[in-house]
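Next come the chains, spelled out residue by residue.
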Amino acid sequence: MNTYDNPFHDDNVYGHAVGLLTKNIDATAQTSIHLDLGCSFGRMAEPITARLGSKYIGFDIDDEATSSLRERGFETHRIDLNDLTAAEAIIRSAIGTNRVGSMSIIDVLEHVAYPLAVIEMLRRLAAAHSCPLVVSVPNITHRDVGFKLAFGKWDYTDTGLLDRTHLRGFTHYGLKAMMRAAGWHLVESDDIQIVNSDQHFPKLHPALATTTLLHEFLAQLRDGVDATAKTNQFVGVYLPGPRVQTSLDDATADNKAPFLSVITRTQGRRIDTLRDVLLCLSAQTCQDFEVCVIGHKLSPQAQLDVERVIEDTHEEMRARVRLIRVEDGNRTRPLNVGFESARGHYVAILDDDDIVLGHWVESFKVLAEKNPGRVLRAANMAQTWEPVTTALGKQSVRAVSGMDDCYPHTFDFFQHLIENATPPVSLAFPRAAFASMGIRFDESLTTTEDWDFFMRTAVICGVASLTEITSIYRKWLGAESSFTLHSQEEWRTNHLVIWRKLDSAPILLESGAITRLRHLVEYWNRHNGGGTGPLPDPYNDQHRYENALREQAHLLRHSVTWKIGAPVRLISRLLGRRYPYPMLWAMNGRQLEQHIEAVRASLPWRFAEHIKSLLGKS
Amino acid sequence: MNTTSTMTSIGHVRVHSVLYANEPDRIVQTVAHLNRAADLAIAAGALASVTLVYGDSSPEPVFDDQQLSEIKNSSYALRDVQHVDFQANLGSAKGHNTLLAHAEASMTADGESVDAVLIMNPDVMLAPDALIELARPLASKHVGLVEARQLPVEHPKEYNRLTGDTEWATTACALIPMKVLRELNGFDSDTFFLYCDDVDFSWRARLAGYRVVYQPSAAVFHDKRLAPGGKWAPTSSEQYFSAEAAMLIAYKYSRPDIAERLHSFYSKSDSGHLRRAAAEFDRRKEAHRLPDPIDPKHRVAVFKGDFYTKHRFPL
């Protein structure tokens, strides 16, 4: 472990640490002591004494560093944090009968083999004093480190984020879990933010240089995950409390998760169709799913009704259904709450008025096995329904139209840029896109929130399509729906917002997208006076290539050169040569190439070219 | 469950279902739905008790004794679960008639009272309140059949939005009072094998003065799939048996013109299944095995294109 002598500044780690302590110690208590573990040269000693009014005691293994403190009049003790039994005894002896007002352990935990044991020891010391602990560790997930690592670079340095002497790297979540496991609970944080860290080299690495497309792409994704992309050091103040173990580590939770989490939004106004939805689910051929019924702004009666419908399902089904109440937000809020609560590998939205066929879950599962991590999309039909209540029955619904095959059977990214053509019920999203990438439903949107989320997930994960019909999107006659609740102006406004969002950052495109884009640009050029460009690719674009050759052959026959060659063809005809119009429509690429080549090599053509060159027209 | 305190119990219900090479796991899932629906219906006072009886037309029985025992043990709300091995493929009409005879026998032998029979396809799963909703219209003695609404694909035939009356009921899931079954002598198994036995039963019920009621609030899941374009895609055997049944029911309900037109069409069809159906009709005719025509004044029988009533939408 190196020993560092960094000066105190209000805007460095020491300054942030003292600032946090100043705000979080018991200012009414009697004089107390501050314990600084791994104090090094103790550059916080003077500010702590001055600002907290505490007696500072430093602990470190490095005698040279602690001698500096002693020379400045502070008490120090030598401890080795790799021998915690001895270290704890020394610290307890130093405390004696004093009251511990605060503790700090700054840039130390990354240097010890068992940091959890160290903070557990500090938790034991704090038990009798209820004092705060300020902790600082470097952020190993700073974007400079992460972006380089993605491309195979991991550069140790003498100091900094990847100090050669570090034994342990910390992430935001890892630090939080470790601290909670030891019984330390974060009260306030004041992290050190550095846009270009000491790992920002080579400066023009495409992943690091801030104006490259790659950096923009990575940066917008990383910023979506959490707020720590530019955090250089985590600096937080913690208070002792109960030890909280994270129930499952990510790998175990992953193995225990159901395949699918079904999110069903309900306001409790369509109890009959909610019952239909739960029946469609309990009847699935694949039961590897859970259901999160998100009750949005339920009235007391509506909540009872929804609870009753869930309770009415059979035992095995009931065990898989959770009712989660959401009291705030618009219709988008329940989706975020639902996705947050979901435990499945995939998450699907099945609102309380749609219908799924018996193999809805099974089809998604089969598709996911072949396309892990992609957004899953199955074919869907729309059908119009209306409410009905007969004299002998309760309120229900009835279909009033046949199946409307109005949605494309497979996903087309470019068509979906214009408008949504995929009902949410036909999609399943990889939960990790939400949980790990931070892609959220935009709660500022009051309509088409599903389209926005779908497209933002699709540009990261891609989409796997299944042409099998597995769901029915219900349109309603004479009943409330999102189409009746929101004005055309509102729909239009949201549409524009989504367009702008899609245009605000670089995206990924599927293989083959460039051919599609080229076609679109060629088509636009053709209709706007632009050139047709070079011949299409004969392998990737065979059909277009052959058509271009047909056009070329046709133009040859109607060219000035062809006309100039007429006298030579006449003489040739008199000599028995024939020039029939070729069956261009029946010729393949090779035949067309040969035909064009033959025309250009023919005597009449060469004669005409010669005449044109004499006239200076070639 | 929103139950009304005024519900009148329709008594003991037997659930009849005919198996043919079904997946046992799917049947277990079906029974779990029925068990819960029975539990709630009994608690609501809509029924007194429920017995489930499977008739098995499969080449090999769908369940062994162990599986049947497990089903019984997990179905706490069912009075009994029975399995009758037909040892032959009896089809729908004869299969249900055999189960009805079994019911009569059990009434004689055990003194069991059977008040109504739920005819149900083995792959139909009931909504928790389906039995309550199916039982509700039987408070009227004029109701001869109550049909459930099927999910995910609702049957397109029309019904009266106010009364629920419909011209015929599918027996994918329909509740029928035992006295009506007795009065009509069950299904016409001499004429119908797999299809149209329910159309025929419904029309005979109406000829006898009973109402046939569609109950949209009684939802059941019947695992239907949609072909590309959202169309129903019949299998080859479905094509054969529905074609055969279409000619026979037209003939039985005094529409020989329709039977002849269908026969002519099927005879010239490119489809071998349809030509076989036409040939079978010929054989019956030669053997004098065609049914005696009824409803000469067309009081109940309706033929609209390929359908037996007006349809709300194409499917």
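Residues numbered from 1 in each chain as written. Chains lettered and ligands numbered in written order. Predicted model: local features only at pLDDT ≥ 70, side-chain atom pairs only at ≥ 80, totals over all residues. Heavy atoms only, no water.

**A word on the overall build of chain A**
In plain terms, the rule: Segments assigned H or I by DSSP are reported as helices when at least four residues long, segments assigned E as strands when at least two residues long, and all are numbered from the N terminus. Radius of gyration: over C-alpha atoms. The globule rule applied is 2.2 Å multiplied by the number of residues raised to the 0.38 power. Three labels apply to residues, based on accessible area from a 1.4 Å probe with only protein chains included: buried if under 20% of the type maximum, exposed if over 50%, partly exposed otherwise in between. In what follows, residue pairs with any heavy atoms lying within 4.5 Å of each other are defined as contacts. Residue burial considers only the protein chains on display, and all accessible areas are found by Shrake-Rupley using a 1.4 Å probe. Here Asp and Glu are counted as negative and Lys and Arg as positive; His is not counted, and neither are the chain ends. Each charge is placed at NZ for Lys, CZ for Arg, CG for Asp and CD for Glu.
Assigned secondary structure in chain A consists of 25 helices and 17 strands. Compactness check: chain A gives a C-alpha radius of gyration of 35 Å against a globular reference of 25 Å for 618 residues, more than 25% above the reference. Expressed as a percentage of its 618 residues, the buried residues of chain A come to 50%. By sequence separation, contacts in chain A at least 24 residues apart represent 78% of the contacts at least 6 residues apart. With an accessible surface of roughly 28,900 Å², chain A has 54% of that area assigned to carbon and sulfur atoms. Chain A carries 66 positive and 75 negative side-chain charges, and their two centres are separated by 8 Å.

**Observations concerning the domain arrangement of chain B**
Residue and element names in this part refer to chain B. What counts here: Delimitation of the domains relies on an automatic or database domain assignment. Throughout, the accessible surface (probe 1.4 Å) given up by two parts as they are put together, summed over both, is called the buried area. One side-chain nitrogen of Lys or Arg within 4 Å of one carboxyl oxygen of Asp or Glu is enough to make a salt bridge.
Annotation of chain B at the domain level lists domain 1 (12-222) and domain 2 (225-291 + 300-315). If you average the C-alpha positions of domain 1 and of domain 2, the two centres end up 25 Å apart. Each partner contributes residues to the interface: domain 1 has 23 residues there, and domain 2 has 24 residues. The contact between domain 1 and domain 2 buries some 2,300 Å² in all, and 65% of this surface belongs to carbon and sulfur atoms. Area buried by domain 1 at its contact with domain 2 is led by Pro156, Tyr195 and Trp203, which between them contribute 31% of it. Ionic pairing is found between Glu154 and Arg312, a salt bridge with its closest N-O pair at 3.1 Å.

**Quick word on the environment of Asp62(A)**
Residue and element names in this part refer to chain A. Our working definition: Whenever two N or O atoms come within 3.5 Å, that pair is a polar contact, provided that in protein one can donate a hydrogen and the other can accept it, and provided that, for residues adjacent in sequence, both atoms are side-chain atoms.
For Asp62, the position within the fold is in the loop between β2 (55-60) and α3 (63-71). Sequence separation between Asp62 and Ala150 is 88 residues; the distance between their C-alpha atoms is 37 Å. A polar contact is formed between the side chain of Asp62 and the backbone nitrogen of Glu64, at a distance of 2.9 Å.

**Details of the interface of chain B and chain A**
Reports often express the size of an interface as the amount of accessible area lost when the parts come together. To keep it simple, the criterion reads: Amino acids are sorted into nonpolar (Ala, Val, Leu, Ile, Met, Phe, Trp, Tyr, Cys and Pro), charged (Asp, Glu, Lys and Arg) and polar (every other residue, Gly among them).
Counting residues at the interface gives 48 residues for chain B and 45 residues for chain A. Surface buried jointly by chain B and chain A totals about 3,700 Å² across both partners, of which 57% is contributed by carbon and sulfur atoms. There are 6 salt bridges connecting chain B and chain A. Notably, a salt bridge pairs Glu158(B) with Arg398(A), separated by 3.0 Å at the nearest N-O pair. The tally of links from chain B across to chain A stands at 21 residue pairs in polar contact (both at pLDDT 80 or more). Taken together, the elements giving at least two residues each to the side of chain B that touches chain A come down to α1 (24-44), β5 (124-126), β6 (143-151) and β8 (211-222) of chain B. The element that contributes the greatest number of residues to the side of chain B that touches chain A is β8(B), accounting for 8 residues. Here the residues of the side of chain B that touches chain A sort into 24 nonpolar, 10 polar and 14 charged.

**A closer look at helix α7 (residues 172-182) of chain A**
Residue and element names in this part refer to chain A. The test is simple: By definition, the arc is the one covered by directions from the helix axis to the C-beta atoms.
Within α7, burial applies to Leu175, Met178, Met179, Ala181 and Ala182. When α7 is viewed along its axis, its buried side chains cluster within an angular range of 160 degrees and face the same direction. At the exit of α7 stands Gly183, carrying a positive phi of roughly 95 degrees.

**Details of the sheet that holds strand β2 (residues 49-56) of chain B**
Let me state the cut-off plainly: When DSSP locates at least two bridges between a pair of strands, those strands are taken to pair. All axes here are fitted lines through C-alpha atoms, helices being fitted over the stretch that makes contact, and every angle between N-to-C directions spans 0 to 180 degrees.
Taken together, the 8 strands give an open sheet; going across it, the order is β3-β2-β1-β4-β7-β6-β8-β5 (chain B), and neighbouring strands pair in mixed fashion. Bordering the open sheet on either side are β3 (80-85) and β5 of chain B, each of which pairs with just one other strand. The sheet shows a mean angle of 30 degrees between the axes of neighbouring strands, taken without regard to direction. Running over the sheet, helix α10 (residues 271-282) of chain A touches β5, β6 and β8 of chain B and is turned about 55 degrees from β8(B). Its contacts with the sheet put helix α3 (residues 91-110) of chain B on β1 (12-19), β2, β3 and β4 (116-120) of chain B, and the angle it makes with β1(B) is roughly 145 degrees.

**Topic: the packing of helix α8 (residues 256-267) of chain B against helix α9 (residues 272-286) of chain B**
Residues and elements named next belong to chain B. This is how it is decided: What sets the label is the angle itself: under 35 degrees gives roughly parallel, over 145 gives roughly antiparallel, 65 to 115 gives roughly perpendicular, and the rest give oblique. By definition, any crossing whose near helix is turned counterclockwise from its far helix by less than a right angle is left-handed, and any crossing with a clockwise turn is right-handed.
Between α8 and α9, the shortest axis-to-axis distance is 7 Å and the interhelical angle comes to 130 degrees. As the angle between them shows, α8 and α9 are arranged oblique. Our pair here, α8 against α9, has a crossing hand that is left-handed. In contact with Ala259, Glu260, His263, Tyr266 and Ser267 of α8, α9 contributes Leu274, Arg275, Ala278, Phe281, Asp282 and Lys285. By residue class, the composition of the contact of α8 with α9 is 5 nonpolar, 2 polar and 4 charged.

**Focus: the packing of helix α7 (residues 236-252) of chain B against α8(B)**
The geometry of a pair of packed helices is captured by two quantities: the angle between their axes and the separation between those axes. All names here are of chain B. Between α7 and α8, whose axes approach to 7 Å, the crossing angle comes to 155 degrees. By the angle between their directions, the pair α7 and α8 is classed as roughly antiparallel. The handedness of the crossing between α7 and α8 is left-handed. Mapping the contact onto sequence places Ala243, Ala246, Met247, Ala250 and Tyr251 in α7 and Pro256, Ile258, Ala259, Leu262, His263 and Tyr266 in α8. Here the residues of the contact of α7 with α8 sort into 10 nonpolar, 1 polar and no charged.

**Description of helix α21 (residues 542-557) of chain A**
The α-helix advances 3.6 residues per turn, and as a result positions three or four apart in sequence lie on the same side. Put simply, the rule reads: By this rule the span expected of a helix is its residue count minus one, scaled by 1.5 Å.
With 16 residues, α21(A) should reach 22 Å at 1.5 Å per residue; the first-to-last C-alpha distance of 23 Å fits that figure. Looking at the packing, one finds that the buried side of α21(A) touches α22 (560-564), α24 (589-601) and α25 (603-614) of chain A.

**Details of the pattern of salt bridges**
All names here are of chain A. What the rule picks out here adds up to 61 salt bridges over all chains. One salt bridge connects Glu75 with Lys55, and the closest N-O pair in it is separated by 3.0 Å. Placement of the pair is Glu75 in strand β3 (residues 75-78) and Lys55 in strand β2, with a sequence separation of 20 residues. A residue is classified by how much of its surface remains accessible, and Lys55, at 40% relative accessible area, is partly exposed. Across the pair Arg78 and Asp63 runs a salt bridge whose closest N-O atoms are separated by 3.7 Å.

**Digging into the nonpolar core**
Here is a general trend for soluble globular proteins: nonpolar side chains tend to be buried in one another's company. Note the threshold: To define a nonpolar core, start from buried Ala, Val, Leu, Ile, Met, Phe, Trp, Tyr and Cys residues and group those joined through side-chain atoms within 4.5 Å.
Leu260(A), Trp360(A), Leu118(B), Leu126(B) and Leu131(B) are the most contacted members of the largest nonpolar core, which totals 99 residues. In terms of residue count, the dominant contributor to this core is α1(B) (8 residues).

**Points about a nonpolar patch on the surface**
Residue and element names in this part refer to chain A. To keep it simple, the criterion reads: In this scheme, patches are assembled from residues that exceed 30% relative accessible area and form no salt bridge. Like charges are connected within 9 Å, while nonpolar side chains (Val, Leu, Ile, Met, Phe, Trp, Tyr) are connected within 5 Å.
Where nonpolar side chains cluster on the molecular surface, the patch consists of Leu149, Trp154 and Tyr156 and spans about 310 Å² of accessible area. For Leu149, the location among the structural elements is in helix α6 (residues 143-150). Note on Leu149: relative accessible area 47%, which makes it partly exposed.

**So, the pairing of β1(B)**
Residue and element names in this part refer to chain B. Note the threshold: Seen with its strands pointing away from the viewer, a crossover is right-handed if its path from the first strand over the helix to the second goes clockwise.
Burial analysis of β1 places 8 of its 8 residues in the buried class, the great majority of the element. The pairing of β1 with β2 spans 8 bridges and is parallel. Residue pairing for β2: Leu19 is matched across the bridge by Asp56. Taking the sense of rotation as the criterion, the β-α-β connection linking β1, α1 and β2 turns out right-handed. For β1 and β4, the ladder comprises 4 bridges, and the chain directions are parallel. Following the sheet pairing, Val15 is matched in β4 by Leu118.

**A closer look at the state of the cysteines**
Stated precisely, the cut-off is as follows: Whenever a pair of cysteine sulfur atoms sits within 2.5 Å, that pair is classed as a disulfide.
Per the stated rule, a full pass over the model turns up 0 disulfides over all chains. Of the cysteine sulfurs around Cys39(A), a residue in no disulfide, the closest is that of Cys131(A), at 17 Å.

**Things to note about unusual backbone geometry**
Between Phe201(A) and the following residue, Pro202(A), the backbone shows a cis peptide bond with an omega angle of -10 degrees. Mapping Pro202(A) onto the fold places it in the loop between β7 (192-193) and α8 (213-225). In the segment running from Leu151(B) into Pro152(B), the intervening peptide bond is cis, with an omega of 0 degrees. Secondary-structure assignment places Pro152(B) in the loop between β6 and β7 (173-177). Positive phi, normally seen in glycine, also occurs at Ser40(A), with a value near 55 degrees. Tracing the sequence through the fold places Ser40(A) in the loop between β1 (33-37) and α2 (45-52). The exposure class of Ser40(A) is buried, given its relative accessible area of 8%. At Lys297(A), a residue that is not glycine, the phi angle is positive and equals roughly 50 degrees. By the element assignment, Lys297(A) lies in the loop between β10 (289-296) and α11 (300-312).

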